[in-house]
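In case you want the letters, here they are:
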Amino acid sequence: MADSYWNRFQRRQMSRRRMLAATGGAGVGLAGLTLVGCGDDDDDDEAAPEETAEETGDDTEDDDEEAEATETPDDVPTGGTIRASTDVGFDSLDPHATVAGGLVVLPRVYNRLLTRAPATTDEINYDLATAFEQPDDVTYVFSLRDDVVIAANSFGVPERPMNVDDIVASLDRNKADAVLNGHNFANVDHASFGPAGPNEYQAVSSKVNAFFVDGYQFFHFPPIELIEAGTLQQEAVGGGPFVVEDFQEGQNVRIVRNPTYYVQPLPYVDAIELTIIPDRAARRTAFVDNQVDLYTPENTEEADQLLDQVQGINRRREVSQATTNVTLQVREGPFTDERVRRAILIGLNRQDFINRLEGEGNGELDTIVWSYFANYRLPDDEIEELQGYNPDEARSLLEAAGHGDGLSVEFIYPTPVSDEFVPVLLQQMADIGVELRETPLDFATWLSRYQNGEFEFLLSPNLSYANPISHLAFHQTDGPSENGNFWSGFSNPDVDAAIDAIEAELNIEAQQELFFEAQRTILEAAPAYIPLFSAYTNTLIYDYIKGYRQGEAPAVIWLTEFEFYIDR
Amino acid sequence: MRNYIIRRLLASVLILWIISVAVFVMLRIAPTDPAILLLGFSATPESIEAVHEQTGLNDPWHEQYFDWLGDVLTGDLGHSIFTGEDVATELKERLPATLELVILTFATTIIIGIPLGVVSAVYRNTPLDLGVRFIAILGLSIPTFWIATLVLLVPSEQWGYAPPIGETVSFFDDPWDNLRQFGPPALILGFAAAAALMRLVRSSLLEVLQQDYIRTARAKGLRERVVVFGHAVRNSLIPVVTVLGLQLAGLLGGTVIVETVFTIRGVGSYILTAIVRNDFLVVQSVALYLAATVVILNLIVDLLYAWLDPRIRYS
């Protein structure tokens, strides 16, 4: 369940991201198997930037994948079913309301205007749009494709080309209903939207926002007929590569090849089955027994063990897009004192977490921008200088702040959290004289207290966001959603200005430098939101699934990738 | 007897009403706002308010309760606030799987529990008795979720065998795969329930074996098998009926964990999911439904008990 909320939040944040290139080549993306991430487990299944993948992956596997990538469509075997599993269900086929597993399936059924490889900033994959232009800083005009035809269906939706009316209907729907995922995007981020010509769509941002267009990569467009019928929850058909054949809420979904998909001969496989298996042991058993094709082990140790045990599988090893964070309450209490916050910042031994929880070499230290976005993360030497582990200095800071006899705060976290994680944190904090009074909470209660700022010291595990600006948003006044929700109370005008400057910067190199500058500013201000480390994620896949590449974007959610095929 | 049944029925209605109020109040006083769970990190005060309005959470408690109760009494169990699914429809879809699991478990319980209890009593204080009692303690003390995990993992890792995982297989579609899927969880639940049953059978039978009429039967020269099975066992099973009834009712709740582990789409996994995400209408309706089932089963057991034991009937 937790994943769904991260995903929702992630999409909210994504609206802030901007598309740097104003136009680009048409066509779907080249990157690989979306199921690597979607299929098995958590958000952190997702692939990493290429450079990270090369660094951590298996060279032989990389070579194999490159060879596969050069195959021409004629050489590619077609047919077969890819079977994936997930521990999170999805409860609706409504692309504007679904969360979690729905985000895995629905991008393959519906179309979006465009998508972008989230770990990079310059690759755009167009879908319903063929290009867009920006006549001014806030206006975006999209040229639309005219050959995206709605698949044959039994819902009474005609097999016609998707058009601008479908897009506007979706925006209208989200604008009108506060409960829908895209409400803020349609209602707050847009000044206006509507047709701009016979086959053009225009969106106007409510302010200069370098990340505005990014919101569209999470916005799916069902046919207007389904919106008007009010049946989106149970009926799904669009112009995407697959069609929903069977959906049983809480159990499984099966999507089959759309024979009229506009990019032929894609997709190569006949079907994808996504089965919800909540229990980890059952997921593992299903993989070992070859009832599913993919599995994400709990850690590298389990992955190593399965590689020895199961024949005919290979591993994708990537730095996780998720991290675990500590958040301090800054509205009142001891963490209003910058020295106390800094003591926590440098009293956390990130390497110790990695060594004890993941095994040495199986994770990377995090800072304000996490390791996944290596191009935006501060260099190691600066990280060491600004937040390096220094328990002596931490104790001195606490003493200077009047806590020489120790500090005791309530520590809340959602269960289940790794049994090993909390003791390490407790010990590290005890070492610098901070007593954490444990209050484990069920997820719902924890979320509620987090949202309302009812905490002193909070742990939020497995957060996963798709771009670096989302990471910075936790440090801005009013919090990541800019409405006071999930806000630590941290407010610093210099930090706000640094984040605003990034959003207004259109040049990619200049923007990257602004990211570095903002992180320095945040670290110097002693942040209240402290990322810890990113573990490596292992995904095990049977050898007969081919046609995907490692490191080419976490295609799970935001890319319509489906060039994988089965070759037994 | 008729008065007894009427009294019990009236008491059952009262019990169900108390349960419905208790569940309703507990869900409302829980600190969790389902709107926040529904909206997650994208929640805004505006969207939370919209969910409250759409789901009736803004109404006074008594209005919410009586609206829901009125719907339930007319057969409308409400809709999930997360999926929009009709609770009655969902129950109808999931009930066969849970019923099959309960029936198989119940059969396992009886098949294991009663014979072992009899053996344990007849061979009292022998190694056989000690062995049976050890098994009983094992069954009572091992957590179901742990043994369920072992039952999944060990055959898979050691012998390459696994039951079908994922989609729930209907008996009518594929009887063999259905039994492969339902057999292990039924055995696990049945083993735990049988452990309690065999201890009860043992103590009950030991008590009966001390009775005068058993001594008389032996004095008459009846064979021991006839004494035990013809006189003692039958009488010792009267209190067992009550326990079996309670166990049957308890199994409805006991399926929650194994349904989740073995990916069986039943009522147990349904209410577990609803509780986790505070889907209050689903929890209220399913809890009431399960409570009604338990109350009815208890009533049947009590009537059966009265029918089996004339002393109770006459009193």
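Residues numbered from 1 in each chain as written. Chains lettered and ligands numbered in written order. Predicted model: local features only at pLDDT ≥ 70, side-chain atom pairs only at ≥ 80, totals over all residues.

Colleague: Looking at this structure, how should I read the overall build of chain B?
Modeller: Of the regular secondary structure elements, chain B holds 13 helices and zero strands. Counting only C-alpha atoms and orienting by the principal axes, one finds that chain B spans roughly 85 × 60 × 35 Å. For chain B, with 315 residues in total, the buried portion stands at 41%. The long-range share in chain B, meaning contacts at least 24 apart out of those at least 6 apart in sequence, stands at 73%. (Helix = DSSP H or I, 4+ residues; strand = E, 2+ residues; numbered from the N terminus. Buried ≥ 20, exposed ≤ 12 C-beta atoms within 10 Å, placed from the backbone. Contact = placed C-beta atoms within 7 Å.)

Colleague: Help me out: how do you make sense of the overall build of chain A in this one?
Modeller: A count of helices and strands for chain A gives 20 helices and 21 strands. Buried residues in chain A amount to 58% of all 568 residues. For chain A, restricting intrachain contacts to residue pairs at least 6 apart in sequence, the fraction spanning at least 24 positions comes to 75%.

Colleague: Is there a simple way to explain the nonpolar core in this structure?
Modeller: Taken as a class, soluble globular proteins show a tendency for nonpolar side chains to be buried jointly. Core analysis: the biggest nonpolar cluster contains 213 residues, and A:Val109 and B:Val286 have the highest contact counts within it. Looking at this core, the element that brings in the most residues is helix H8 (residues 175–209) of chain B, giving 16 residues. When near neighbours in sequence (up to four residues on either side) are disregarded, A:Val109 contacts A:Ala236, A:Gly238, A:Gly240, A:Phe242, A:Val243, A:Val244 and A:Ile255. (Core = buried A, V, L, I, M, F, W, Y, C linked by C-beta atoms within 7 Å.)

Colleague: Quick question: what am I supposed to make of the interface of chain A and chain B here?
Modeller: The interface of chain A with chain B comprises 40 residues on the first partner and 39 residues on the second. Among the elements of the structure, helix H1 (2–14), helix H7 (183–189), helix H9 (280–288) and helix H16 (443–451) of chain A are those that each provide at least two residues to the side of chain A that touches chain B.

Colleague: Sorry, what's going on with the sheet that holds strand S8 (residues 242–248) of chain A here?
Modeller: The strands making up a sheet associate through hydrogen bonds between their backbones, and the pairing can be parallel or antiparallel. Residue and element names in this part refer to chain A. Strand order in the open sheet formed by four strands is S1-S10-S9-S8, and the pairing between neighbours is mixed. Where the open sheet ends on each side, the last strands, each with one partner, are strand S1 (81–86) and S8. For this sheet, the mean inter-axis angle between neighbouring strands, taken without regard to orientation, is 15 degrees. (Pairing = 2+ DSSP bridges. Axes fitted to C-alpha atoms, helices over the stretch in contact; angles between N-to-C directions.)

Colleague: So what exactly am I meant to see when it comes to the pairing of strand S4 (residues 129–133) of chain A here?
Modeller: The side chains of a regular strand alternate between the sheet's two faces. In the sheet, S4(A) pairs with strand S5 (residues 139–144) of chain A via four bridges, with the strands oriented antiparallel. Each residue of the ladder has a partner; that of A:Phe132, found in S5(A), is A:Phe142.

Colleague: Even after reading the chapter, I still don't get unusual backbone geometry, so can you show me in this structure?
Modeller: Generally, phi is negative for residues other than glycine and the peptide bonds are trans, each holding for most cases. All names here are of chain A. In this structure, the amide linkage connecting Gln 264 to the following residue, Pro 265, adopts the cis form with an omega of 10 degrees. Position of Pro 265 among the secondary structure elements: in the loop between strand S9 (252–257) and strand S10 (271–276). Note that the residue after Leu 266, namely Pro 267, is joined by a cis bond; omega there is -10 degrees. Checked against the element boundaries, Pro 267 lands in the loop between S9 and S10. With phi around 60 degrees, Ala 526 is a residue other than glycine that occupies positive phi space.

Colleague: Got a minute to help me understand the sheet that holds S5(A) in this structure?
Modeller: All names here are of chain A. The antiparallel open sheet is built from four strands, whose spatial order is S4-S5-S7-S6. Edge strands, defined here as strands with exactly one partner in the open sheet, are S4 and strand S6 (190–197). Between one strand axis and the next, the sheet turns by 20 degrees as a mean value, whatever way the strands run. Pairing analysis gives five bridges linking S5 to strand S7 (residues 200–205), with the strands arranged antiparallel.

Colleague: Where do I start with the environment of A:Ser154 in this structure?
Modeller: Tracing the sequence through the fold places A:Ser154 in the loop between S5 and helix H6 (164–176). Along the sequence, A:Ser154 and A:Phe242 sit 88 residues apart, while their C-alpha atoms lie 15 Å from each other.

Colleague: Got a minute to help me understand H6(A) in this structure?
Modeller: Residues three or four positions apart in an α-helix share a direction because the helix packs 3.6 residues into each turn. All names here are of chain A. Between its first and last C-alpha atoms H6 spans 18 Å; for 13 residues at 1.5 Å apiece the expected length is 18 Å, and the two agree. Listed as buried for H6 are Val 164, Asp 166, Ile 167, Ser 170, Leu 171, Arg 173 and Asn 174. Looking at the buried side of H6, the elements it contacts are S5, H7, S6, S7 and helix H8 (224–229). (Expected span 1.5 Å × (residues − 1).)

Colleague: Any chance you could explain the confidence of the model for chain A here in plain terms?
Modeller: Detailed reading of the predicted coordinates is not advisable wherever pLDDT falls low. Residues at a pLDDT of 70 or more form 81% of chain A, whose mean pLDDT is 81. Low confidence marks residues 1–70 of chain A, where pLDDT is under 50. Its contacts with residues over four positions away, or in another chain, come to 228 contacts. (pLDDT = per-residue confidence, 0-100.)

Colleague: How should the packing of helix H10 (residues 224–261) of chain B against helix H11 (residues 267–276) of chain B be read in this particular structure?
Modeller: Each pair of packed helices gets described by two things: the angle between the helix axes and the distance between those axes. All names here are of chain B. Their axes nearest at 7 Å, the elements H10 and H11 cross at an angle of 90 degrees. By the angle class used here, H10 and H11 are roughly perpendicular. Residues Thr 255, Val 256, Glu 259 and Thr 260 of H10 touch H11, and the partners they reach there are Gly 268, Ser 269, Ile 271 and Leu 272. Its residues assigned to classes, the contact of H10 with H11 comprises three nonpolar, four polar and one charged. (Parallel < 35°, antiparallel > 145°, perpendicular 65-115°, else oblique. Nonpolar A, V, L, I, M, F, W, Y, C, P; charged D, E, K, R; others polar.)

Colleague: Would you mind going over the pairing of S8(A) with me for this structure?
Modeller: Residue and element names in this part refer to chain A. Here six bridges tie S8 to S9, and the two strands are oriented antiparallel to one another. Its bridge partner lying in S9, Val 244 is registered against Ile 255. The antiparallel pairing of S8 with S9 creates a hairpin that spans three residues between the two strands, and Gly 250 there sits at a positive phi of about 80 degrees.

Colleague: Even after reading the chapter, I still don't get the environment of A:Arg112, so can you show me in this structure?
Modeller: Residues and elements named next belong to chain A. Within the secondary structure layout, Arg 112 lies in the loop between helix H5 (102–105) and strand S2 (114–116). As a C-alpha pair, Arg 112 and Arg 160 span 48 residues in sequence and 17 Å in three-dimensional space. Once you skip the residues sitting within four places of it in the chain, Arg 112 turns out to touch Asp 127, Leu 128, Tyr 216, Gln 217, Phe 219, His 220 and Phe 221.

Colleague: What exactly am I supposed to notice about the environment of B:Arg8 here?
Modeller: Residue and element names in this part refer to chain B. Assignment of secondary structure puts Arg 8 in helix H1 (residues 2–29). With 291 residues separating them in the primary sequence, Arg 8 and Leu 299 have C-alpha atoms 7.1 Å apart. Contacts of Arg 8, omitting those with residues within four sequence positions, involve Leu 299 and Asp 302.

Colleague: Help me out: how do you make sense of H10(B) in this one?
Modeller: With 38 residues, H10(B) should cover 56 Å at 1.5 Å per step; its first-to-last C-alpha distance of 45 Å lies more than 12% under that length. Downstream of H10(B) by a residue or two, B:Thr263 has a phi angle that is positive, lying close to 50 degrees.

Colleague: Sorry if this is basic, but what is going on with the packing of H11(B) against helix H12 (residues 280–308) of chain B here?
Modeller: Residues and elements named next belong to chain B. Two elements in contact, H11 and H12, have axes whose closest approach is 8 Å; the angle formed by their N-to-C orientations is 140 degrees. Considered as vectors, H11 and H12 are oriented oblique to each other. Judged by the sense of rotation from one axis to the other, the crossing of H11 with H12 is left-handed. Judged by residue contacts, Val 267, Tyr 270, Ile 271, Ala 274 and Ile 275 of H11 engage Val 282, Val 283 and Val 286 from H12. Residues belonging to the contact of H11 with H12 are distributed by class as follows: eight nonpolar, no polar and no charged. (Left-handed = near helix turned anticlockwise from the far one by under 90°.)

Colleague: I tried to follow the confidence of the model for chain B on my own but got confused; where do I start?
Modeller: Looking at chain B, the pLDDT average stands at 88 and 98% of residues meet or exceed 70. Among the scores for the predicted complex, ipTM is 0.82 and pTM is 0.80.

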